[in-house]
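What follows is the residue order along each chain.
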Amino acid sequence: REAGNKYLLRNDCFLDDLFVGFIKCATTCPEPSCGRQSVVFDPFSSVKVPLSPNRSGEVNFSVYTLTFALEAPVRQQVPVDGGGCAGDLAAAAAKKAGVAVERCLLVEIYQHCIWRIFDDADALKEIQPTDTLVLYELSGDVSSFKLSAKQNWGAGEAIKEGDIVVVTTTFQSGSRKSRQLGRGLHGKVMEFDWDGDARVKFDGIDVSQWVLRTNFGKLSVDLTMYSDERRICPEDGLPYTFKNLVEVFGEKYSLEGCRGYWRDAMRREQEVIGPLSV
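Position labels on residues start from 1 in each chain and follow its written sequence. Residue-level local features of this predicted model are given only where pLDDT is at least 70; pairs of side-chain atoms are given and counted only at 80 or more, and the full residue set underlies all totals for whole chains, interfaces and linings. Side-chain figures throughout are based on the complete set of non-hydrogen atoms in the structure, without hydrogens or water.

Visitor: I would appreciate a short explanation of the sheet that holds strand β3 (residues 58-66) in the present structure.
Guide: The rule for pairing is simple: two strands pair if DSSP sees at least two bridges between them. Working definition: helices are DSSP H or I runs of at least four residues, strands are E runs of at least two. Numbering for both runs from the N terminus. Pairing in this open sheet of 5 strands is mixed, and the strands run β4-β3-β7-β5-β6 from one edge to the other. The strands lining the two open edges of the sheet, one partner per strand, are β4 (74-81) and β6 (113-117). Here the strands of the sheet are splayed against their neighbours by 45 degrees on average, with no regard to which way each runs. Relative to strand β7 (residues 132-137), strand β5 (residues 104-110) runs antiparallel, the two being bridged by 6 bridges. Note on β7: the bridge partner recorded for L105 is Y136. Across the face of the sheet, helix α3 (residues 86-97) comes into contact with β3, β4, β5 and β7 while running at roughly 130 degrees to β4. Axis definition: a line fitted to C-alpha atoms, limited for helices to the stretch in contact. Angles are taken between N-to-C directions and run from 0 to 180 degrees. Two residues qualify as a contact provided that any one of their heavy atoms is within 4.5 Å of a heavy atom in the partner residue.

Structure representation (structure tokens):
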């Protein structure tokens, strides 16, 4: 009842009376000396029923391959078992291209940028056949690129106040006037409530939106916010960390714009060479 009363403070609608329920989640510490139990009630308005994720049989993925022997990417249809993993898809695509999979990196391209670097263990059910997939042949150690991806982006379950987050899977916000939060949308975490839900200010949405704790897994955190790396701003010639850049220009430009400006327009401090002083 207490969880229901808190939920109604922000969501008091006749539709909630008809469709909203609560899932009881109990977690018990396995240590015999503790045994403490935490009980939470998470609201839900729908129950997801997998219609196609449990793919059985062969699934065709469209993969662009770019190897040293090719002058331009070549698109090929790669059939793999739908219940497999990204490593199986990379191996099948590499075999078709005639290269060693140990030198290949499978990525997803979104809005002309590398959106995701796949780990071999990633389930194929998380990859749609319509996604833009590219298999790169590299001359260096492939594992170093995968490590870099994990260092730059963190899991949504660990979000904190002040984090810059990006939506990885489209979902509805938990606000009274719910908004659809599309994939690729950037936002800044402003605060948390007693239920652990987060209020996030997203680009292009005037009112901050509440993101329920159950949807944190659909967010990724840009860990560049906590990097000490400084880059020179071409506009004023001053060095900024990414966190400083967001604090100074975050009100004037979108978070996605700040991220793109940091990545494409600003140069690392040590790369900028000024005039010699005598």
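Having seen it, we continue.
Visitor: Even after reading the chapter, I still don't get the nonpolar core, so can you show me in this structure?
Guide: Burial of nonpolar side chains together is a common tendency in soluble globular proteins. For this analysis, a nonpolar core means a set of buried residues of the types Ala, Val, Leu, Ile, Met, Phe, Trp, Tyr and Cys, connected via side-chain atoms within 4.5 Å. Each residue is assigned to one of three classes by its accessible area relative to the maximum for its type, calculated with a 1.4 Å probe on protein chains only: buried under 20%, partly exposed between the two thresholds, exposed over 50%. In terms of nonpolar packing, the biggest core is built from 18 residues, with F61, V63, L89, L106, I127, L133 and L135 touching the most fellow members. Elements supplying a minimum of two residues to this core: β3, β4, α3, β5 and β7. Take this core: its biggest share by element is 5 residues, from α3. Setting aside chain neighbours within four positions, we find L135 in contact with V63, Y64, T65, L66, A90, A93, A94, C104, L105 and L106. Core analysis: the next-biggest nonpolar cluster, separate from the first, contains 15 residues, I159, V165, A198 and V200 among them.

Visitor: Can you walk me through the sheet that holds strand β18 (residues 267-268) in this structure?
Guide: Strand order in the open sheet formed by 3 strands is β17-β16-β18, and the pairing between neighbours is antiparallel. For this open sheet the edge positions go to β17 (239-240) and β18, each flanked by a neighbour on one side alone. When strand β16 (residues 231-232) meets β17, the two strands line up antiparallel, connected through 2 bridges. Among the inter-strand pairings, R231 is bridged to a residue of β17, identified as Y240.

Visitor: How do you make sense of the pairing of strand β12 (residues 186-192) when you look at a structure like this?
Guide: For a regular strand, side-chain orientation follows a simple rule: the groups alternate between the two sheet faces. As defined by bridge partners, strand β9 (residues 164-167) adjoins β12 across 3 bridges and the pair is classed as antiparallel. What sits directly across from I164, in β12, is K188. Bridge count for β12 against strand β13 (residues 198-202) is 5 bridges, and the pairing is antiparallel. Pairing of K188 across the sheet is with K201, part of β13. Where β12 hands over to β13, the hairpin turn is made up of 5 residues, of which G196 adopts a positive phi near 90 degrees.

Visitor: For this particular structure, what's the right way to read the environment of G196?
Guide: With respect to the helices and strands, the residue G196 is situated in the loop between β12 and β13. On the basis of relative accessible area, G196 is assigned to the buried category, the value being 19%. On a C-alpha basis, the gap between G196 and V211 in space is 9.5 Å, while along the polypeptide they are 15 residues apart. Setting aside chain neighbours within four positions, we find G196 in contact with R213 and F216.

Visitor: In this structure, what is going on with the pattern of salt bridges? I would like to understand it.
Guide: Should their charged atoms come close, side chains of opposite charge can pair. Any carboxyl oxygen of Asp or Glu that lies within 4 Å of a side-chain nitrogen of Lys or Arg is treated as forming a salt bridge with it. According to the stated counting rule, one finds 3 salt bridges in the structure shown. Residue E137 is joined to R103 by a salt bridge in which the shortest nitrogen-to-oxygen separation is 2.5 Å. With E137 in strand β7 and R103 in the loop between α3 and β5, the pair connects residues that are 34 residues apart, well separated along the chain. E137 sits in the buried class, given a relative accessible area of 10%. Given the relative accessible area of 36%, R103 is considered partly exposed.

Visitor: Please clarify how the packing of aromatic side chains should be interpreted in this entry.
Guide: The geometry of an aromatic ring pair is captured by two quantities: the separation of the ring centres and the angle between the planes. Only Phe, Tyr and Trp rings take part, Trp by its six-membered ring, and two of them pair if their centres are within 6.5 Å. Stacked means planes under 30 degrees apart, edge-to-face means over 60, and tilted covers everything else. The final tally for this structure, using the stated rule, is 4 aromatic pairs. Between the aromatic rings of F192 and F216, the centroid separation amounts to 6.3 Å while the plane-to-plane angle is 80 degrees, which identifies the pairing as edge-to-face. With F192 in strand β12 and F216 in the loop between β14 (209-211) and β15 (219-222), this residue pair connects regions lying 24 residues apart in the sequence. Judged by relative accessible area, which is 30%, F192 ranks as partly exposed. By relative accessible area, F216 is classed as buried at 6%. With 6.2 Å between their ring centres and 45 degrees between their planes, F249 and Y253 make a pair best called tilted. Overall, F249 belongs to the buried group, its relative accessible area being 11%.

Visitor: Whenever I open this one, the packing of helix α5 (residues 242-249) against helix α6 (residues 255-264) confuses me. Can you help?
Guide: Two packed helices can be described by the angle between their axes and the distance between those axes. Look at α5 against α6: their axes get within 10 Å of each other, and the N-to-C directions meet at 135 degrees. As summarised for this structure, α5 and α6 are arranged oblique, according to the angle between their axes. In this structure, the crossing between α5 and α6 has a hand that is right-handed. In this structure, α5 uses F242, L245, V246 and F249 to contact α6, whose residues at the interface are L255, C258, R259, Y261 and W262. What sets the label is the angle itself: under 35 degrees gives roughly parallel, over 145 gives roughly antiparallel, 65 to 115 gives roughly perpendicular, and the rest give oblique. When the near helix sits turned anticlockwise from the far one by under a right angle, the crossing is termed left-handed; a clockwise turn instead gives a right-handed crossing.

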